[in-house]
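For reference, the chains in residue letters:
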Amino acid sequence: MPPAKAKPMTTADAAAVEFSIKKARRAQALLAQKVIAKDVLPAEARLVAGVDAAYAGDLGFGAVAVLDYESMQILETQTATLRVKFPYVATLLSFRELPLLVACIRKLKLQPDVFLVDGHGVAHSYRLGLASHLGVVLGKPTVGVAKNRLIGEPKQVGKDHFLVQNGEALAAVVQTQRGAKPVYVSVGNMVSLKSAVNIVKHCIRDARVPEPIQAAHRLASEKRKAKIDTSTTEEGK
DNA sequence: GCGACAG
DNA sequence: ATCTTGTCGC
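Presented here is a report on the structure given in the accompanying data block. (Residues numbered from 1 in each chain as written. Chains lettered and ligands numbered in written order. Predicted model: local features only at pLDDT ≥ 70, side-chain atom pairs only at ≥ 80, totals over all residues.)

**Notes on the overall build of chain A**
When helices and strands are counted, chain A shows five helices and nine strands. Reading chain A from its N terminus to its C terminus gives the helix and strand order α-β-β-β-α-β-α-β-β-β-β-β-α-α. The C-alpha radius of gyration computed for chain A amounts to 18 Å, which stays within 12% of the reference 18 Å derived for 237 residues, consistent with globular compactness. Burial analysis of chain A (237 residues in total) assigns 40% to the buried set. Within chain A, counting contacts between residues at least 6 apart in sequence, those at least 24 apart form 65% of the total. (Helix = DSSP H or I, 4+ residues; strand = E, 2+ residues; numbered from the N terminus. Rg over C-alpha atoms; globule rule 2.2 N^0.38 Å. Buried ≥ 20, exposed ≤ 12 C-beta atoms within 10 Å, placed from the backbone. Contact = placed C-beta atoms within 7 Å.)

As structure tokens, then:
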């Protein structure tokens, strides 16, 4: 059986993508207005979820892990595998990844108080990063935890560090592990930046990213590897 | 026009 | 994100 290789993008596909991008921009402008940057969640969360995704060609693997807020013990996990339609375009990440996250979250039996997402929230060109987009779609509290900067300039305010743009603190620069690069925490939805930072810090254990996201990352990677192994061993029959 | 650019 | 082992630097 001939090797299943990734299909190259035709000019027609490229045109379709360009069209989608226009619609996506429009959607972001509308959804961004629905973001609530205030605490609309329990004073003390009991269940925290982490979401992440992995890819293998045009296959995407979404994963979610629900942990007990106090013990950081995993209580439930779910995954979902989908064909990804949208390419990766900086500032449009959610249109590629959101379907994967929503798919696995829909399978949850437990109802998390807040979702930690690997990507920015409002620290985004149109104030609608992946975390915010997911939060608005779900109508649930979400926190953005990005490993790299997208917009805003690093600025120190007293003892704290933020990513600032036009005098507005869009994200908190948080040193989660000594000697490691910091992570950028921003409001996703229904949570204040202050609370977002407290939640992330509480969920830090031995990794640079909070445990819920770390758990989801492992799950997505495992799913990806399993799929690759079977399609390699059985030549995808 | 050039550079930057989450995952 | 993904491809990949050892290796250069603080």
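**Digging into the protein's contact with DNA strand B**
The environment of DNA strand B is made up of 17 residues, and the closest members are Tyr88, Leu93, Gly119, Gly129 and Lys147. For the surface near DNA strand B, a count of residues per class yields seven nonpolar, seven polar and three charged. (Near = placed C-beta within 6 Å. Nonpolar A, V, L, I, M, F, W, Y, C, P; charged D, E, K, R; others polar.)

**Re unusual backbone geometry**
Outside of glycine, negative phi angles account for most residues, and trans bonds account for most peptide bonds. Within the chain, threonine 91 stands out as a residue other than glycine whose phi angle is a positive 80 degrees. By the element assignment, threonine 91 lies in the loop between strand E3 (74-83) and helix H2 (93-106). Unlike most non-glycine residues, methionine 190 shows phi in positive territory, near 55 degrees. Here methionine 190 lies in the loop between strand E9 (183-189) and helix H4 (193-202).

**Regarding the pairing of strand E7 (residues 160-165)**
Of the strand pairs in this sheet, strand E6 (residues 153-157) and E7 are connected by five bridges, and their pairing is antiparallel. Pairing of proline 154 across the sheet is with leucine 163, part of E7. Turn length for the E6-E7 hairpin, with the two strands adjacent in sequence and antiparallel, is two residues, and the turn residue glycine 158 shows positive phi of about 70 degrees. Sheet topology note: the E7/strand E8 (residues 168-174) ladder contains four bridges and is antiparallel. If you follow phenylalanine 162 over to E8, its bridge partner there is alanine 172. (Pairing = 2+ DSSP bridges.)

**Describing helix H1 (residues 11-32)**
Helix length check: H1 (22 residues) gives 31 Å between terminal C-alpha atoms against 32 Å at 1.5 Å per residue, within 8%. Burial runs low along H1: only one of the 22 residues are buried. (Expected span 1.5 Å × (residues − 1).)

**Comments concerning the packing of H2 against helix H3 (residues 130-138)**
How two helices pack is summed up by the angle between their axes together with the distance between the axes. Relative orientation of the contacting elements H2 and H3 amounts to 45 degrees, with a least axis distance of 10 Å. Classified by the interaxial angle, the pair formed by H2 and H3 is oblique. Considering how the two elements wind past one another, H2 and H3 form a crossing that is right-handed. Contacts between H2 and H3 involve Leu93, Ser94, Glu97, Leu98, Leu101, Val102 and Ile105 on the former and, on the latter, Leu130, His133, Leu134, Val137 and Leu138. Classifying every residue of the contact of H2 with H3 gives nine nonpolar, two polar and one charged. (Axes fitted to C-alpha atoms, helices over the stretch in contact; angles between N-to-C directions. Parallel < 35°, antiparallel > 145°, perpendicular 65-115°, else oblique. Left-handed = near helix turned anticlockwise from the far one by under 90°.)

All we've got here are geometric facts, nothing functional implied.
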